[in-house]
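The lines below spell out each chain.
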Amino acid sequence: MAGTRTPADEAREAVVEAALGKLDLDAKTRLLAGQDMWSLPALPEIGLKSLVMSDGPIGVRGVHWTADDPSIALPSPTALAATWDPALARRAGTLLAQEARRKQVHVLLAPTVNLHRSPLGGRHFEAYSEDPYLTGEIGSGYVQGVQSGGVGTTVKHFVANDAETDRFTVNNLLSERALRELYLAPFEAIVANAHPWGIMTAYNSVNGTTMTEHHHLVNEILRGEWGFDGVNVSDWTAARATVGAVEGGLDVAMPGPRTVYGEALATAVRAGEVEEAKVDEAVRNVLRLAARVGILEGAEPVVTEPPATVDGEALAREIARRSFVLVRNQGALPLGEGRGEGGHKVALIGAAARDARVLGGGSATVFPSRVVPPLDGLTAALPEGSLTYAVGADPNEELAVADRGFTLRAVCRDRAGTVIGTGSAPNGQIQWMGDDLPEGVTHATLHSVELTGTFTPRESGTHTLGIKGLGAFTLTVDGTVHFDDIQRGTKDDPFEAFFGAPVERAQVDLVAGETYEVALRHVIVVPEGAPLKMIGFALAHQDPRRDPDELIAEAVEAARAADTAVVVVATTDRVESEGFDRKDLRLPGRQDELVHAVAAANPNTVVVVNAGSPVELPWREEVAAVLLSWFPGQEGGAALADVLTGAHEPGGRLPTTWGSHAAAPVTQVVPADGELPYTEGVFIGYRAWEKEGRTPSYAFGHGLGYTDWTYESIELGGGDAGAGAGSGTTVTVRVRNSGARAGREVVQVYLAPVEADAERPARWLAAFAGVEAGPGESVDVVLALPRRAFEVWDESTGAWVFVKGSYEVAAGRSIVDRRVAATINV
Ligand code: BGC
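Residues numbered from 1 in each chain as written. Predicted model: local features only at pLDDT ≥ 70, side-chain atom pairs only at ≥ 80, totals over all residues. Heavy atoms only, no water.

A. Spotlight on the overall build of the protein. Helix and strand counts for the protein come out as 19 helices and 36 strands. Its C-alpha atoms give the protein principal-axis dimensions of about 80 × 80 × 50 Å. The 826 residues of the protein split such that 62% are buried. Taking contacts inside the protein between residues at least 6 apart in sequence as the whole, the part at least 24 apart equals 77%. Here the protein has roughly 29400 Å² of accessible surface; of this, 48% comes from carbon and sulfur atoms. (Helix = DSSP H or I, 4+ residues; strand = E, 2+ residues; numbered from the N terminus. Buried < 20%, exposed > 50% of the residue type's maximum accessible area, 1.4 Å probe, protein only. Contact = heavy atoms within 4.5 Å. Areas by Shrake-Rupley, 256 points an atom, 1.4 Å probe, with all protein chains shown as cover.)

Here is the structure:
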């Protein structure tokens, strides 16, 4: 069970029961359906305010999908996991609760704890790790942090939503063992450790049943076995059937107003298809959540005093530098000491060094009020005159949303052409969901939206303009109409207007610094029967395409003239996003060629990899250092300067194995006939790499700092592993900082059956802990081996089995770099 009830819980429960007793069937069923994109209806008759939810996970977007409502943007979830620090995840959560309260949001739609089953998964950047234990520990810290600020979480997406292809309909076929040992494990750990107030059920089916109707996984396991007492909210538009959903334990169908609950549910009860007691159960869960977050009159919220204020920008910067993983360093980092005037010269290269990619695409998008790209971060940190910049290669093969240099607003008109309202469009796009429309505008009156304003280019030449979205558009630049037609979709995805690719529609010669009038008019057609009303389109743009050979030659020149060349390579939002999976792991454009060329020109080449998930690094042995910076959040460039200059060491360790596409063991993410069998069973990530005997580019757990560590001893102590975490076997590892500066080490403990068993992985992560020490200092780290580390799921009995025998307990710096070991017999 997830904890026992405190007197405060009992008191809230009494208020919930009393409130429930006052509601009639229609009010109850109304409460279970979204009233709009992000909220549930208020019920003034019981003193219940409207409950507001928002994405998640790196910030709090709020109820508007626009940069007008900015939020702190922390590093991507994989980056957070790369810190291997649940306490830091907790601090991130505390900050997010502060952001949520600022925006009157009660529930954060996060964290995402699906696993890195395959590196091709489009939302890989949004999940923590390939390892269920690390995922559960980071996720627990995050949930504890958010909820310590009085804000709820929905741990998502329950369960097995590990890829994007056909995500609304795919039927994932998994063994009960893979479910228990891998995919359910983080949810189970978080329910036990952090007692989340919510969970989000996924779009996909598992073994034939869609997750919003999964009685076995939701009612029997999540609520029954684990004692989860929070709200089960559907992923957006995932609920499909009234009776199936309520029988399957779904409490809330989002978004609204058109859902399978509300009136449809009341009708089903009246028709005798659903027992009212089932509806009461769901309402009770919603009211309990409302009581916890403090929007149900008479109930004391769980948190009455919000925690001390957190400096969001400082925390974003700290998490970023703690997440960067230095996977290779041949002495190039930190940058040379002679950094004075006329001293160490740095050539910074790469499109992403100037226009940083700080977050992944899709619902995880938030709009920070500022972004520090590497160019700005390094300019501020290095002495004047020591930094040069060259683009080198531009990975944006496609147009991007018209942002830099554009000043646009949205003008809304009715059918007669009369202006009925205006809205802002701060980054060239309109994303209006539900009734979130500019003041004075309704779906009934709105006929067209015109994005209109000016563009002042930063480069002269032939600029390309385009359109993202579906339907009728008119594109005008400086009075000339370039497109006036219908733009059609290519696939049957309700979110294509949001996640689809922009289409080129105009080529115009423009002069840097001049100001041009631009307008993109869109006639609105919201299809009848659409699950929700969405108006989403964007003006897209691309700077003049320079000769790619020339760009590389320029970068090589800059590298040759510098002491160190820092090349920032990146993926684009057409490569990593919600809504689709990756086809390969290559860096887009000519970036690989760029790195080969720069490395040949300067032996001190440092490559910063600005990607949310693994990419191939074919030049990795040719360069002096490789630093993975993930999607580093809004302060990424400042954190990068901290780490490159040596003001701080990079603190990250790989939460996921990095290797090539050809060698990656699990690459099947495309269903056949609607089904995606997880044929690899429990062998994903390092479990699979080890089983296949393949050597990845960089192993799970790997990451260098700026000091050295010696593992001096390992001792096993304390009781019987069977007794469980804390009271079970302890492992004491002595590590010494044998380098010249203070640092932080992540001590990782791996468990391996001495007698190999083909059914089980060769070894797995059983415990880890961070430790800090000054130069020359030794520290003892005490870790507890959890009972679960010795257990497997037995499908024949449907129970966990403690597997007796001899195990090697090894501690080290990664799954392959194990430094000390002992044997335990259990
Ligand atoms: C995503 C969820 C998200 C929801 C609301 C869905 O498409 O899968 O993760 O919370 O949208 O934006």
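Moving on from the coordinates now.
B. Structural view of helix α1 (residues 7-21). The end-to-end C-alpha separation of α1 is 21 Å, in line with the 21 Å expected for 15 residues at 1.5 Å each. Residues of α1 that are buried: Asp9, Arg12, Glu13, Val15, Val16, Ala19 and Leu20. The arc that holds the buried residues of α1, viewed along the axis, is 165°, so those residues lie on one side. Facing away from the buried side of α1 by over 90 degrees, the exposed positions are Pro7 and Gly21. Looking at the packing, one finds that the buried side of α1 touches α2 (25-31) and α11 (276-293). (Expected span 1.5 Å × (residues − 1). Arc of directions from axis to C-beta.)

C. Quick peek at the domain arrangement of the protein. Taken as a whole, the protein is organised into domain 1 (7-293), domain 2 (324-391 + 547-650), domain 3 (400-542) and domain 4 (707-825). Between the C-alpha centres of domain 1 and domain 4 there is a distance of 33 Å. Contact with domain 1, which involves 14 residues of that partner, is made by 16 residues of domain 4. Taken together, the connections running from domain 1 to domain 4 amount to 6 residue pairs in polar contact (both at pLDDT 80 or more). If you list the elements that add at least two residues to the side of domain 1 that touches domain 4, you get α5 (132-148) and α6 (176-183). If one sorts the elements of the side of domain 1 that touches domain 4 by residue count, α6 sits on top with 4 residues. Here the side of domain 1 that touches domain 4 is composed, by residue class, of 4 nonpolar, 2 polar and 8 charged. (Domains from an automatic or database assignment. Polar contact = N/O pair within 3.5 Å; in protein donor to acceptor, adjacent residues only side chain to side chain. Nonpolar A, V, L, I, M, F, W, Y, C, P; charged D, E, K, R; others polar.)

D. Inspection of the site of the ligand at higher detail. Neighbouring the ligand are 13 residues; Asp55, Arg123, His157, Tyr203 and Asp235 lie closest to it. One of the side-chain N or O atoms of Arg123 is found 2.8 Å from an oxygen atom in the ligand. Residue Arg167 places a side-chain N or O atom 3.4 Å away from an oxygen atom belonging to the ligand. Computed on the free molecule, the ligand has an accessible area of 310 Å², of which 96% lies beneath the protein chains in the complex. Its residues placed into classes, the shell around the ligand shows 5 nonpolar, 2 polar and 6 charged. (Near = heavy atom within 4 Å.)

E. Structural context of the nonpolar core. Ranked by internal contacts, the top residues of the largest apolar core, which has 101 residues, are Phe158, Val159, Tyr183 and Val733. Element by element, the count of residues in this core is highest for strand β31 (residues 764-773), at 8 residues. Filtering out sequence-adjacent residues up to four positions away, Val159 remains in contact with Asn114, Leu179, Tyr183, Leu184, Phe187, Ala202, Asn204, Val206, Met211 and Leu217. (Core = buried A, V, L, I, M, F, W, Y, C linked by side-chain atoms within 4.5 Å.)

F. The packing of aromatic side chains, seen in detail. Applying the stated criterion across every chain yields a total of 16 aromatic pairs. Judged by centre distance (5.0 Å) and plane angle (80°), the ring pair of Phe158 and Phe187 falls under edge-to-face. Placement of Phe158 in strand β4 (residues 155-158) and of Phe187 in helix α7 (residues 185-194) is noted, with a sequence separation of 29 residues between them. This pair shows no difference in class: Phe158 is buried, exactly as Phe187 is. Site record: aromatic cluster; members linked through ring pairs are Trp84, Tyr133, Tyr686, Phe700 and Phe768. In this arrangement the basic side chain of Arg117 is found over the ring face of Tyr678, its NZ or CZ atom lying 4.0 Å from the centre. The residue whose ring lies beneath Lys691 is Phe683, and the NZ or CZ to ring-centre distance is 4.5 Å. (Phe/Tyr/Trp six-rings, centres within 6.5 Å; stacked < 30°, edge-to-face > 60°. Lys NZ or Arg CZ within 6 Å of the ring centre and 35° of its normal.)

G. Looking closely at the sheet that holds strand β6 (residues 198-201). Strand order in this open sheet of 3 strands is β4-β6-β9, and the pairing throughout is parallel. Looking at which strands have only one partner, the edges of the open sheet turn out to be β4 and β9 (231-234). Put simply, the sheet's adjacent strands are angled 30° from each other on average, direction ignored. Alignment of β4 against β6, held across 2 bridges, turns out to be parallel. (Pairing = 2+ DSSP bridges. Axes fitted to C-alpha atoms, helices over the stretch in contact; angles between N-to-C directions.)

H. Seen up close, the environment of Glu176. Following the sequence through the fold, Glu176 ends up in helix α6. For Glu176, a relative accessible area of 23% corresponds to the partly exposed category. Expressed as a C-alpha distance, the spacing of Glu176 and Gly798, which sit 622 residues apart in the sequence, is 8.4 Å. Beyond its immediate chain neighbours, meaning those up to four positions away, Glu176 contacts His216, Ile221, Trp793 and Glu795.

I. View of unusual backbone geometry. Residue Pro111 is bonded to the preceding Ala110 through a cis peptide linkage, with omega at 0°. Secondary-structure assignment places Pro111 in the loop between β2 (107-108) and α5. Of the consecutive residues Phe158 and Val159, the connecting peptide bond is found in the cis state with omega at -5°. In this structure, Val159 sits in the loop between β4 and β5 (171-173). Phi at Trp84 takes a positive value of approximately 45°, unusual for a residue other than glycine. Here Trp84 shows up in the loop between α3 (77-82) and α4 (86-102). With a phi close to 75°, Thr237 is a non-glycine residue in the positive phi region. Residue position: Thr237 is located in the loop between β9 and α9 (242-247). Relative accessible area serves as the criterion here: at 22%, Thr237 is assigned to the partly exposed category.

J. Summary view of the packing of α4 against helix α12 (residues 312-323). Here α4 crosses α12 at 150°, and the two axes come no closer than 11 Å. Classified by the angle their axes make, α4 and α12 are roughly antiparallel. α4 and α12 meet at a crossing whose hand is left-handed. Here Leu88, Arg91, Ala92 and Leu95 of α4 lie close against α12, whose contacting residues are Gly312, Leu315, Glu318, Ile319 and Arg322. Considering only residue class, the contact of α4 with α12 consists of 5 nonpolar, 1 polar and 3 charged. (Parallel < 35°, antiparallel > 145°, perpendicular 65-115°, else oblique. Left-handed = near helix turned anticlockwise from the far one by under 90°.)

K. Here's a closer look at the pattern of salt bridges. Tallied over the entire structure, the rule returns 56 salt bridges. For the salt bridge of Glu126 with Arg123, the shortest nitrogen-to-oxygen distance reads 2.8 Å. The residues Glu126 and Arg123 share a single accessibility class, namely buried. The closest approach of N and O atoms between Arg167 and Glu164, which form a salt bridge, is 3.6 Å. The network of salt bridges with shared partners includes Arg354, Asp355, Arg404, Arg458, Glu459 and Asp543. (Salt bridge = Lys/Arg side-chain N within 4 Å of Asp/Glu carboxyl O.)

L. Molecular detail of the sheet that holds strand β1 (residues 53-54). Judged by pairing direction, the sheet is parallel, and its 3 strands sit side by side in the order β1-β2-β3 without closing on themselves. If you trace the sheet from one side to the other, it starts and ends with β1 and β3 (152-153), each paired once. Across 2 bridges, β1 lies against β2 in parallel orientation. Within β2, the position partnered with Met53 by the bridge is Val107.

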